[in-house]
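Reading the structure
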Amino acid sequence: MSTHIEAKPGEIAETVLMPGDPLRAKWIAETFLENPVCYNRVRGMLGYTGTYKGKKVSVQGSGMGMPSAMIYFHELINEYGVKNIIRVGSAGSYQEDVKLNDVVLAMAASTTSGMNNSRFINSDYSPTADFDLFIKAVNYAQNNNIPIKAGNVLSSDEFYNDDPEEYKLWAQYGVLCVEMETAGLYTIAAKYNIRALTILTISDSLVTEEKLSAHARETTFKDMVKIALAAASMP
Ligand SMILES: O=P(O)(O)O[C@H]1O[C@H](CO)[C@@H](O)[C@H]1O
Ligand SMILES: O=c1cc[nH]c(=O)[nH]1
């Protein structure tokens, strides 16, 4: 048992899918895993372990934003021996051709967070995806005709921004979409030498101002989950 997770040793798999939303974790476990068992209810941040095609896999909510998610990443890695984390999140599109429900693989994560400023003084660290997980995800998507986009994403500290035009600068430099955890995930994964990948589904568009319902964010991102489970279970 760690401070924020009540699982016993051995109850969490080496590979964990991580949505921010704990109810998306419940939906993923109950929809895609065989024999899912809930191992965490502390703070309502649900976590489950089951099997997928015979392989033990866990799904754990991380909460919203880096301060919350980093707690779960840290405890999973350091107290439960987790080796692969695949974030399965929602995101807001910054580009006209990145549309609602599109799947985006985060090759790298820019950030507005000061998280790394105290680690890399006067320098900028570039948090990047694990190449092996990334290739597995791309191969599965291509072999199963699931359209994907891949590139730089922004991990922001704010969901609501004072300036609705601010995204245009990031967009001009090719950033595909915004979410709130990946820069932290890729950084801590590098620090502890584990593998990490973020797969996102577009739930909002900063360009068109369209958005999906809360219910859709919880229970409809099937392509993203299939890609994540394929990457998780490939040898
Ligand atoms: O859908 P999740 O995984 O929570 O991800 C995105 O959604 C939340 C904001 O609504 C933030 O956590 C952001 O990163
Ligand atoms: O616009 C969005 C949508 C999801 N997550 C974000 O951080 N921003």
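This text follows the structure it describes.
To start, this report covers the structure provided alongside it. All of these numbers come straight from a predicted model, not from anything done at the bench.

Examined against the element boundaries, Thr-198 turns out to sit in strand E9 (residues 195-205). Take Thr-198: its relative accessible area is 0%, and that puts it in the buried class. Spatially, the C-alpha atom of Thr-198 lies 26 Å from that of Pro-9, the residues being 189 residues apart in sequence. Non-local contacts of Thr-198, meaning those with residues more than four positions away in its chain, are made with Arg-87, Val-104, Leu-105, Ala-106, Glu-179, Thr-182, Leu-185 and Tyr-186. A polar atom in the side chain of Thr-198 sits 2.9 Å from the side chain of Thr-182.

Let's shift gears to the pairing of strand E4 (residues 55-60). Of the strand pairs in this sheet, strand E1 (residues 15-18) and E4 are connected by two bridges, and their pairing is parallel. In the strand pairing of E4, Val-16 is matched with Ser-58. With six bridges joining them, strand E3 (residues 47-52) and E4 adopt antiparallel strand pairing. Considered in E4, the bridge of Tyr-52 is made with Lys-55. From the end of E3 to the start of E4, which pair antiparallel, there are two residues, and Lys-53 there has a positive phi angle of about 50°.

Looking now at the packing of helix H3 (residues 131-143) against helix H7 (residues 222-233). Where H3 contacts H7, the two axes come as close as 8 Å, and the packing angle between them is 125°. Between H3 and H7, the angle is such that the two are oblique. Pair H3 / H7 crosses with right-handed handedness. Contacts from Leu-133, Lys-136, Ala-137, Tyr-140 and Ala-141 of H3 reach H7 at Lys-226, Ile-227, Ala-230 and Ala-231. Grouping the amino acids of the contact of H3 with H7 by side-chain chemistry returns seven nonpolar, no polar and two charged.

Conventions adopted
Residues numbered from 1 in each chain as written. Chains lettered and ligands numbered in written order. Predicted model: local features only at pLDDT ≥ 70, side-chain atom pairs only at ≥ 80, totals over all residues. Heavy atoms only, no water. Helix = DSSP H or I, 4+ residues; strand = E, 2+ residues; numbered from the N terminus. Buried < 20%, exposed > 50% of the residue type's maximum accessible area, 1.4 Å probe, protein only. Contact = heavy atoms within 4.5 Å. Polar contact = N/O pair within 3.5 Å; in protein donor to acceptor, adjacent residues only side chain to side chain. Pairing = 2+ DSSP bridges. Axes fitted to C-alpha atoms, helices over the stretch in contact; angles between N-to-C directions. Parallel < 35°, antiparallel > 145°, perpendicular 65-115°, else oblique. Left-handed = near helix turned anticlockwise from the far one by under 90°. Nonpolar A, V, L, I, M, F, W, Y, C, P; charged D, E, K, R; others polar.

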